[in-house]
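# An overview of the molecular structure
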Amino acid sequence: MLRLSSYFVRTLREDPADAEVASHKLLVRAGYIRRAAPGIYTWLPLGLRMLRKVEQVVREEMDTIADELLFPALLPREPYELTNRWTEYGDNLFRLKDRKGADMLLGPTHEEMFTLTVKDLFSSYKDLPQSIYQIQTKYRDEARPRAGLLRGREFVMKDSYSFDVNDEGLDASYEAHRRVYQRIFDRLGLEYVICRATSGAMGGSRSEEFLHPTPIGEDTFVRSPGGYAANAEAVTTVAPAALSEEEIAKLPASHVEDTPGASSIAALTDFSNENFPRESGAWTRYEMLKHLVYLVTNPDGSQEPLVIAIPGDREVDEKRLEAALAPAEAVPFSDDDFEKYPALKKGYIGPDGLGEEAATGIRYLVDPRVVPGTVWVAGAGEKDRHVYGLVYGRDFVADGTIEAAEVKAGDPSPDGSGPLELARGIEIGHIFQLGRKYAEALGLKVLDENGKQATVTMGSYGIGVSRALAAVAEGNHDEKGLCWPAQLAPADVHLVATGKDAAVFEAAEKLGQELEAKGLTVIFDDRPKVSPGVKFKDAELIGVPTIVVVGRGLADGVVEVKNRATGEAENVPLAEAAELVATRK
């Protein structure tokens, strides 16, 4: 039994000052984790018991399709140089030097090491397919670690990789991992939505996230009545049909108008309706083409301006922009930046002169809804003037399109399955088809059936083990504390002895032994000088599924058995308590 009189656990009555979400507050207060530094936590004995249970579920399922190994967390620079991720990871990478001056890093992810290990050990198509995995601590220097275990700088992750000789093999490995992930999250009791996703710095083609829906999630995702689901970063915009050259030629010519004081989309829309009313209907913000300027920093440190045009009723979604430009980073132009580019008139920027082949040489990208034949109002490039009737494909063109505008509820689903609704979620798993990016960079080839060198194709599959535990906590608590599901709880029974009578503690001790004899794990609150109220509060805070109280009812030969999650309690004969609890587990 885990005896609270000697077990290494201390509960807290107050929420930690830096805690923002329920899982963070309760895991600290209940004695599962302890903050060591921002985004870095010590696993206390109760928390470690639960972490190991999550790992056990992951291992049992992963062992059906892959073999486990373990790489070091401290890694050399050279493999990451070969894939350019020493640079691409930017400030998120923990870099250090050894005593000889060699560059090292703390592993944020291990594609390079997995690839090089397979390259070192296998050389023929007969050796493939292979799938290998590890459960290990990762390190990422998050700029803003928050929410306890949900976004830390040190975290436990399961990462696995598949190696196949052809794309058909990769498809099979990917689907095998997808099924295993579903079984893992089902066993953990975590609701999840499988969403289309971007690959980001990982690279590759097919990519899906397993998101746990919760209002406190950092990821926005969309879903439709017909079953479409995607991370907001991966949603593709449904564009209107483009007009032909003949149709475009029939459109009225554009014209410049004075628009004093109309430097914002709202002001321009109001001004247009007041001064240029039209029979076809009121002017809308959508028609006002909004031009936003960013300073883009490339992985090599070089910088360049970028102008993005989106419909005026939208804002730029910074995460979508980040995904579209990765591994480059972008920040909005400052006043100082505008002074360096006098051709860009803040508040009145239009497409004139923009483009890599145009006079300014400034890269110009537009929203996918800006297609040939669409008509817009945009800045004329000079203060208090705008161009009306500006037609894309006739009056202006761009260097390309970019998926950067926010997705809104009610937008059409890309697959035609109905209007989109928005929700929030926590990413608990992510699977990628990496393809040959890392194999090519690191020279992973095998001899194929014809005796020729063939580049291996890879898949990458991650589960946030420590994050999954926090996600379970987010979905299993009430105002009193945690309410763990039976399969993950640190113990099966929280046995509480109340009062000062020695007979109560003796009866509780005997009952604890009976419970253990039936295969149950028991936390025994045997603290002799702690009040019943404090013991009850601790039991509710810690969150073990069944609470058994031995106290005043002992005089009548009964103990209280309480379901932590529902609050339902009943008095049962002491002699029958162990059997009753065991049958209900």
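What this report covers is the structure whose coordinates are included nearby. Every value quoted in this text rests on a predicted model; they were computed, and no experiment measured them.

What follows deals with the overall build of the protein chain. Scanning the protein chain from terminus to terminus reveals 15 helices and 32 strands. Taken along the three principal axes of its C-alpha coordinates, the protein chain extends 95 × 70 × 50 Å. Classification of the 585 residues of the protein chain by burial places 50% in the buried group. Here the analysis covers contacts within the protein chain between residues at least 6 apart in sequence; of these, 68% occur between residues at least 24 apart. By element, 49% of the accessible surface of the protein chain is carried by carbon and sulfur atoms, the whole surface being about 26700 Å². Here the protein chain contributes 68 positive and 93 negative side-chain charges, whose respective centroids are spaced 6 Å apart.

Attention now goes to the pattern of salt bridges. Per the stated rule, a full pass over the model turns up 45 salt bridges. R146 serves as the salt-bridge partner of E20, at 3.4 Å between the closest nitrogen and oxygen. With a gap of 126 residues between them, E20 in the loop between β1 (2-3) and α1 (22-29) and R146 in the loop between β8 (130-139) and β9 (154-164) connect regions that are remote in the sequence. Overall, the relative accessible area of 28% leaves R146 in the partly exposed class.

Attention now goes to the sheet that holds strand β6 (residues 94-97). Strand order in the open sheet formed by three strands is β5-β7-β6, with antiparallel pairing between adjacent strands. Only two strands of the sheet have a single neighbouring strand rather than two, namely β5 (74-76) and β6. Taken pair by pair, the neighbouring strands of this sheet meet at an average axis angle of 35°, ignoring direction. Note that β6 and strand β7 (residues 103-106) share four bridges and pair antiparallel. Bridge pairing in β7 places F94 opposite L106.

Orientation of α1 relative to helix α12 (residues 465-475), taken along the N-to-C sense of each, is 100°, at an axis distance of 8 Å. One finds that α1 runs roughly perpendicular with respect to α12. Here α1 contributes A22, S23 and L27 to the contact with α12, which in turn contributes L469, A470, A473 and E474. Split into classes, the residues belonging to the contact of α1 with α12 amount to five nonpolar, one polar and one charged.

What follows deals with helix α8 (residues 265-275). Counting along an α-helix, one turn takes 3.6 residues, and residues three or four places apart therefore face a common direction. Listed as buried for α8 are I265, L268, T269, F271 and S272. Buried residues of α8, viewed axially, fall in a sector of 165°; they line one side. The exposed set on the far side of α8, more than 90 degrees from its buried face, consists of D270 and E274. Each element contacted by the buried residues of α8 is listed here: β14 (255-258), β15 (290-297), β19 (375-379) and β20 (385-391).

Below, the discussion takes up the side chain of S124. Here S124 is to be found in the loop between α5 (111-121) and β8. Exposure remark for S124: the relative accessible area of 18% places this residue in the buried category. Only 3.1 Å separates the side chain of S124 from the backbone nitrogen of K126, close enough to count as a polar contact. Once residues lying within four places of it in the same chain are set aside, the contact partners of S124 are V446 and L447.

A word on the sheet that holds strand β32 (residues 569-573). Here six strands make up an open sheet; going across it, the order is β1-β29-β28-β30-β31-β32 and the pairing mixed. Looking at which strands have only one partner, the edges of the open sheet turn out to be β1 and β32. Strand direction decides the pairing type here: strand β28 (residues 493-497) and strand β29 (residues 522-525), joined by four bridges, are parallel. Opposite L495, over in β29, you have F524 as the bridge partner. Helix-sheet contacts for helix α13 (residues 502-517) involve β1, β28, β29 and β30 (546-550), and the interaxial angle to β28 is about 165°.

Moving on, we come to the nonpolar core. Ranked by size, the top nonpolar core spans 58 residues in total, and within it L27, Y32, Y181, I184, F185, L188 and W484 carry the most contacts. Where this core is concerned, the elements lending two or more residues are α1, α2 (45-62), β8, α6 (167-187), β22 (421-435), β25 (457-464), α12 and α14 (532-542). Sequence-distant contacts of L27, defined by excluding residues within four places in its chain, comprise Y32, I33, L149, L469, A470, A473, L482 and W484.

Right, let's talk about the packing of α2 against α12 for a bit. Their axes nearest at 10 Å, the elements α2 and α12 cross at an angle of 110°. On the basis of the axis angle, α2 is roughly perpendicular to α12. Counted together, G47, M50, L51, V54 and E55 of α2 and V465, S466 and L469 of α12 form the full contact between these two elements.

Mapping E55 onto the fold places it in helix α2. E55 has contacts with I135, V156 and V465, leaving out every residue within four places of it along the chain.

A separate point is the pairing of strand β31 (residues 558-563). Remember that side chains alternate between the two faces of the sheet whenever the strand is regular. Here β30 runs beside β31; their pairing, made up of four bridges, is antiparallel. Within β31, the residue paired with I547 across the bridge is K562. With five bridges connecting them, β31 and β32 associate as antiparallel partners. Note on β32: the bridge partner recorded for K562 is A569.

Before going further, it helps to examine a negative patch on the surface. Taken together, the side chains of D91, E318, E322 and E329 make up a negatively charged region of the molecular surface. Summarising the element assignment, E329 is placed in strand β17 (residues 329-332).

Taken as a whole and judged by the stated rule, the model has 16 aromatic pairs. Between Y32 and W484, the aromatic rings sit 5.6 Å apart at their centres with planes inclined by 65°, giving edge-to-face as the arrangement. With a gap of 452 residues between them, Y32 in the loop between α1 and β2 (33-37) and W484 in the loop between β27 (481-482) and β28 connect regions that are remote in the sequence. According to the relative accessible area criterion, Y32 is buried, its value standing at 1%. Arranged with centres 6.0 Å apart and planes meeting at 65°, the rings of F271 and F276 form a pair that is edge-to-face. We classify F271 as buried; its relative accessible area is 16%. Three or more aromatic residues joined by ring pairs make a cluster, and in this case those are Y181, F185, Y192 and F210. The ring of W86 carries R95 above its face, with NZ or CZ at 4.8 Å from the centroid. The ring of W283 has R278 lying over it, and the distance from NZ or CZ to the ring centre is 3.8 Å.

With 16 residues, α13 should reach 22 Å at 1.5 Å per residue; the first-to-last C-alpha distance of 23 Å fits that figure. All of the buried residues in α13 are V504, F505, A507, A508, L511, G512 and L515. Down the axis of α13, the buried set is contained in an arc of 160°. They therefore lie on one face. In α13, the exposed positions angled more than 90 degrees off the buried face are occupied by E506, K510 and A517. If you follow the buried residues of α13, they end up packed against β28, β29, α14, β30 and α15 (574-584).

Parameters and conventions
Residues numbered from 1 in each chain as written. Predicted model: local features only at pLDDT ≥ 70, side-chain atom pairs only at ≥ 80, totals over all residues. Heavy atoms only, no water. Helix = DSSP H or I, 4+ residues; strand = E, 2+ residues; numbered from the N terminus. Buried < 20%, exposed > 50% of the residue type's maximum accessible area, 1.4 Å probe, protein only. Contact = heavy atoms within 4.5 Å. Areas by Shrake-Rupley, 256 points an atom, 1.4 Å probe, with all protein chains shown as cover. Lys, Arg positive; Asp, Glu negative; His and termini not counted. Charge placed at Lys NZ, Arg CZ, Asp CG, Glu CD. Salt bridge = Lys/Arg side-chain N within 4 Å of Asp/Glu carboxyl O. Pairing = 2+ DSSP bridges. Axes fitted to C-alpha atoms, helices over the stretch in contact; angles between N-to-C directions. Parallel < 35°, antiparallel > 145°, perpendicular 65-115°, else oblique. Nonpolar A, V, L, I, M, F, W, Y, C, P; charged D, E, K, R; others polar. Arc of directions from axis to C-beta. Polar contact = N/O pair within 3.5 Å; in protein donor to acceptor, adjacent residues only side chain to side chain. Core = buried A, V, L, I, M, F, W, Y, C linked by side-chain atoms within 4.5 Å. Patch = residues over 30% accessible without salt bridge, like charges linked within 9 Å, V, L, I, M, F, W, Y side chains within 5 Å. Phe/Tyr/Trp six-rings, centres within 6.5 Å; stacked < 30°, edge-to-face > 60°. Lys NZ or Arg CZ within 6 Å of the ring centre and 35° of its normal. Expected span 1.5 Å × (residues − 1).

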